[in-house]
Amino acid sequence: MADVRYSEEHEWIRVEGDTGTIGITQYAQEQLGDVVFVDVPASGRKVAKGESVAVVESVKAASDIYAPVSGEVIESNAALADSPGDVNTEPMGKGWFFKIKMSDKGELTGLMDEAAYEAFVKSLS
Amino acid sequence: MTEVPAGPLKRTPLHALHKELGARLVPFAGYEMPVQYPTGILVEHAQTRNACGLFDVSHMGQVRLTAKAGHNAAKALETLVPGDIAGLAPGQQRYTQFTNDAGGITDDLMVTSTGDHLQLVVNAACKDADLAHIQAGLSSSCEIEPMFSRGLLALQGPQAVTVLSRFAPQVAEMKFMTGAFVMIEGARCYVTRSGYTGCDGYEISTPADAADPIARKLLAHPEVKPIGLGARDSLRLEAGLCLYGHDIDTTTTPVEAVLLWSIGKERRLQGGFPGAAVVQKQIAEGSPRKRVGLLPEGKAIAREGAEIAIGGKVVGIVTSGGFAPTLGRAIAMGYVERSQSSNGTKVELVVRGKPVPAEIVPMPFVKHAYYRG
C-alpha cells in the first residue's frame with residue numbers, strides 16, 4: 001500500500017519502498033491554471049530536500065517545484081513534454097513529474113498526510 | 001499581472017456577474033478583476049480567436065474632452081500626444097501616447113472624435129495620473145470630464161459582428177478604428193470597432209447601470225463566452241501589441257517601441273508634443289534600441305526580465321513573454337540594440353540561467369483580422 005505525503009508547497013510524494021513519485025496537488029494545479037510546459041529534472045541528478053528541481057509553466061507564470069525529500073532522480077515523466085495538460089487533468093496520476101530514490105526516508109515525517117494537507121488547504125482560503 | 005493592493009479594491013459594474021460566473025478575481029490596477037473563468041485561459045483564448053469573447057475592461061479610464069468656446073480640443077490634445085488628432089474626422093479613432101519631455105511614454109491611449117468632442121480611453125493603472133496631466137495641460141482650452149464610472153465591454157472575435165448586429169444592425173458596417181453612438185438594450189452606448197486582441201471586434205462604452213444588463217444579454221448568445229485578463233494578455237501578445245508598464249513606459253520612446261506608424265507625417269516634422277526633439281532626433285538618426293518580436297526554440301518560456309544575448313553578450317531584455325495558445329509555442333517581445341535588431345538575427349534568451357536559442361521575427365505573431373471594409 002503506497003503512502004502519499006504532502007508538502008506545504010503543494011507537492012505530493014507517493015512512497016513505495018525507497019522510491020518516491022512526485023507531482024503537484026489538485027489545489028496547486030487549480031491555482032496555476034493551464035499548464036503549458038514542465039521542465040523536469042534529468043535522471044541521475046542528486047537533489048536536496050527543499051531544492052528547486054523542476055519548473056512548471058502555466059500560461060500566466062513560471063513556478064518552481066521543490067524536492068519534498070532528498071535523493072537521486074531515477075526517472076522523469078517524458079510524456080509531459082507533449083501533454084503538459086496532464087498536470088491539470090490528472091495531477092496525481094498521469095501528471096506526475098519525477099521519481100526519486102530517497103536517501104533519508106526520515107524526511108517523510110516532516111510531510112503531511114492527506115487529512116493534514118486537506119486541513120492546510122482549507123486554512124488558505 | 002497581480003499586485004499588492006494599496007487599499008480597498010475597486011469594483012467594476014460587472015463584479016457581481018463575475019462572481020456568478022465563477023471567475024477567479026485578482027487585484028489589478030486597484031480593481032478586483034477576473035483573471036480567468038472556470039474554463040481556463042487556453043479555452044478562453046481559443047474561444048476569442050475562433051468565436052467571440054466578452055471582456056470587462058471597465059477598469060480602464062474613459063475621459064471626454066470638449067473644446068471651450070474659441071478653442072479646438074484636438075489641437076489642444078496634440079500638445080500632449082504625438083498622434084494626428086486634429087486630422088481625425090468625426091467617428092474616426094486613433095492610437096497614440098502621452099509623452100514626457102524626454103520622449104518617454106507615460107501612457108498609451110485611444111482617441112475617438114465624435115465630432116462634438118473627443119473620447120479618450122487610457123490604462124487603468126495610469127488613469128488618475130493621466131487625468132491630472134490632462135487637467136494641467138488642457139484646462140484652459142477644454143472641458144475635461146472623467147467618466148470613470150462608465151462600463152467598458154470588449155466584444156472580440158470573428159463572430160462579434162454577428163452577435164452585436166443582432167442588437168444594432170448598423171455596427172456591421174463600421175470599419176476598424178471608427179466609432180459611433182449606438183442604442184443597445186435601450187442604453188445610449190458609444191461603440192468603436194477596435195480592441196486589444198488582434199481580432200475583429202468592438203469596445204462598447206456603456207452608462208454605468210447598463211453595463212451589467214448588456215453584458216448578460218450578450219452572454220445569452222451562444223457564440224459569446226466571458227474572457228478574463230489572462231487570455232486578454234496572451235491574445236494581445238500574439239497580436240504584437242504593447243502592454244503599458246511592460247513593453248512601453250517612461251524609459252521607452254515611440255520610436256524605440258516601433259510605434260512611429262502612430263505619429264502622423266506632419267507631426268513628425270512639426271513636433272509640438274512633449275519630447276518632440278528627442279523623437280525627431282531618433283527618427284532622423286535611429287533610436288539606440290528597438291522593440292522586436294522573439295521566437296524561442298523549444299518549449300521554454302522566456303518571460304519579462306529575461307536577458308537577450310548574442311554570443312553571451314547581453315544586447316537587450318524581454319519585456320513580455322509567454323505561451324501563444326494559437327501557435328502552441330512560446331513567443332516574446334523585447335528591446336535589443338538597434339544594430340542587432342534585424343529580422344532573422346539569432347539571439348539567446350536567458351531562461352533561469354540557461355541560454356535558449358531564439359530568432360528575431362516580425363510581429364504580429366498571429367495575423368490581425370481587423371475589418372477594414
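Position labels on residues start from 1 in each chain and follow its written sequence. All chains are assigned letters beginning at A, and all ligands numbers beginning at 1, according to the order in which they are written. Totals for whole chains, interfaces and linings use all residues, but because this is a predicted model, local features are given only for residues with pLDDT of at least 70 and pairs of side-chain atoms are given and counted only at 80 or more.

**Here we look at the interface of chain B and chain A**
Alright, step 1. The contact criterion used is a C-beta to C-beta distance within 7 Å, with each C-beta placed from the backbone. Across the boundary between the two partners, chain B contributes 14 residues, which contact eleven residues of chain A.
Alright, step 2. Numbered from the N terminus, helices here are DSSP runs of H or I no shorter than four residues, and strands are runs of E no shorter than two. Taken together, the elements giving at least two residues each to the side of chain B that touches chain A come down to helix 2 (41-50), helix 7 (229-238) and strand 16 (313-324) of chain B.

**Section: helix 6 (residues 211-219) of chain B**
Alright, step 1. Residues of helix 6 of chain B that are buried: Ala211(B), Ile214(B), Ala215(B) and Leu218(B). Burial along helix 6 of chain B is one-sided: seen end-on, the buried residues are contained in an arc of 100°. Here a residue counts as buried when 20 or more other C-beta atoms sit within 10 Å of its C-beta, as exposed when there are 12 or fewer, and as partly exposed otherwise, the C-beta atoms being derived from the backbone. It is the directions from the helix axis to the C-beta atoms whose arc is reported.

**Describing the environment of Arg232(B)**
Alright, step 1. With respect to the helices and strands, the residue Arg232(B) is situated in helix 7.
Alright, step 2. Each residue touching Arg232(B), except ones within four places of it in the same chain, is listed here: Phe55(B), Tyr196(B) and Ile227(B).

**Some words on the domain arrangement of chain B**
All names here are of chain B.
Alright, step 1. The split of the chain into domains comes from an automatic or database domain assignment. By the assigned domains, chain B splits into domain 1 (15-58 + 150-238), domain 2 (60-146 + 253-287) and domain 3 (289-373).
Alright, step 2. The gap between the C-alpha centroids of domain 1 and domain 2 is 25 Å.
Alright, step 3. Domain 1 puts 13 residues into the contact, and the matching count from domain 2 is eleven residues.
Alright, step 4. Secondary structure elements with two or more residues in the side of domain 1 that touches domain 2: strand 10 (179-184) and strand 11 (187-192).
Alright, step 5. Ten residues, namely Ala, Val, Leu, Ile, Met, Phe, Trp, Tyr, Cys and Pro, are considered nonpolar, four, namely Asp, Glu, Lys and Arg, are considered charged, and the remaining ones, Gly among them, are considered polar. The class makeup of the residues in the side of domain 1 that touches domain 2 is seven nonpolar, five polar and one charged.

**With respect to the sheet that holds strand 9 (residues 151-156) of chain B**
Two strands in a sheet stick together by hydrogen bonds in their backbones, pointing the same way (parallel) or opposite ways (antiparallel).
All names here are of chain B.
Alright, step 1. Between any two strands, at least two bridges found by DSSP are needed for them to pair. Judged by pairing direction, the sheet is mixed, and its six strands sit side by side in the order 10-11-12-9-3-13 without closing on themselves. Looking at which strands have only one partner, the edges of the open sheet turn out to be strand 10 and strand 13 (224-227). Each strand of the sheet is rotated relative to its neighbour by a mean of 30°, with strand direction disregarded.
Alright, step 2. The sheet contact formed by strand 11 and strand 12 (residues 201-206) spans three bridges and is antiparallel. Within strand 12, the position partnered with Tyr190 by the bridge is Ser205.
Alright, step 3. Throughout, an axis means a line fitted to C-alpha atoms (over the contacting stretch in the case of helices), and angles, computed between N-to-C directions, take values from 0 to 180 degrees. Sitting on the sheet, helix 5 (residues 160-167) touches strand 3 (52-56), strand 9, strand 10, strand 12 and strand 13, and the angle it makes with strand 9 is about 130°.

**Considerations on unusual backbone geometry**
Residues and elements named next belong to chain B.
Alright, step 1. Cis rather than trans, the peptide bond between Met363 and Pro364 has omega equal to 0°.
Alright, step 2. A positive phi is found at Arg352, a non-glycine position, where the angle reads about 50°.
Alright, step 3. Mapped onto the elements, Arg352 comes out in the loop between strand 18 (346-351) and strand 19 (354-361).

**Examining the confidence of the model for chain B**
Alright, step 1. For chain B, the mean per-residue pLDDT works out to 96, and 98% of the residues sit at or above 70.
Alright, step 2. Reported for the predicted complex are a pTM of 0.94 and an ipTM of 0.84. Along the chain, pLDDT gives the predictor's confidence residue by residue, from 0 to 100.

**Concerning the sheet that holds strand 4 (residues 35-39) of chain A**
Residue and element names in this part refer to chain A.
Alright, step 1. Read across the sheet, three strands follow the order 4-6-7 without closing on themselves; strand pairing throughout is antiparallel. A single partner strand is all that each edge strand has here, and the edge strands are strand 4 and strand 7 (62-66). This sheet shows a mean twist of 25° between the axes of neighbouring strands, independent of strand direction.
Alright, step 2. Two elements, strand 4 and strand 6 (residues 52-58), share four bridges in a ladder whose sense is antiparallel. Within the sheet, the bridge partner assigned to Val35 lies in strand 6 and is Ser58.

**Side note on the environment of Glu9(A)**
Residue and element names in this part refer to chain A.
Alright, step 1. As for its position among the elements, Glu9 is in the loop between strand 1 (3-6) and strand 2 (11-16).
Alright, step 2. On the basis of neighbour count, Glu9 is assigned to the partly exposed category, with 15 C-beta atoms found within 10 Å.
Alright, step 3. Linking Glu9 and Ile24, residues 15 residues apart in sequence, is a C-alpha distance of 8.6 Å.

**Points about helix 7 of chain B**
Residues and elements named next belong to chain B.
Alright, step 1. For helix 7, the tally of buried residues reaches nine of ten residues, placing the bulk of the element in the interior.
Alright, step 2. Taken residue by residue, helix 7 has Leu229, Gly230, Ala231, Arg232, Asp233, Ser234, Leu235, Leu237 and Glu238 as its buried positions.
Alright, step 3. Positive backbone phi, at 75°, marks Gly240, one or two positions downstream of helix 7.

**Some words on the nonpolar core**
Alright, step 1. By definition, a nonpolar core groups buried Ala, Val, Leu, Ile, Met, Phe, Trp, Tyr and Cys residues that connect through C-beta atoms lying within 7 Å of each other. In terms of nonpolar packing, the biggest core is built from 128 residues, with Val38(A), Leu77(B), Leu153(B), Leu155(B), Ala302(B) and Leu349(B) touching the most fellow members.
Alright, step 2. Of the residues forming this core, the biggest block, six residues, is contributed by strand 17 (residues 329-337) of chain B.
Alright, step 3. Apart from the residues within four sequence positions on either side, Ala302(B) is in contact with Pro296(B), Val318(B), Gly321(B), Ala330(B), Ala332(B), Leu349(B), Val351(B) and Val356(B).

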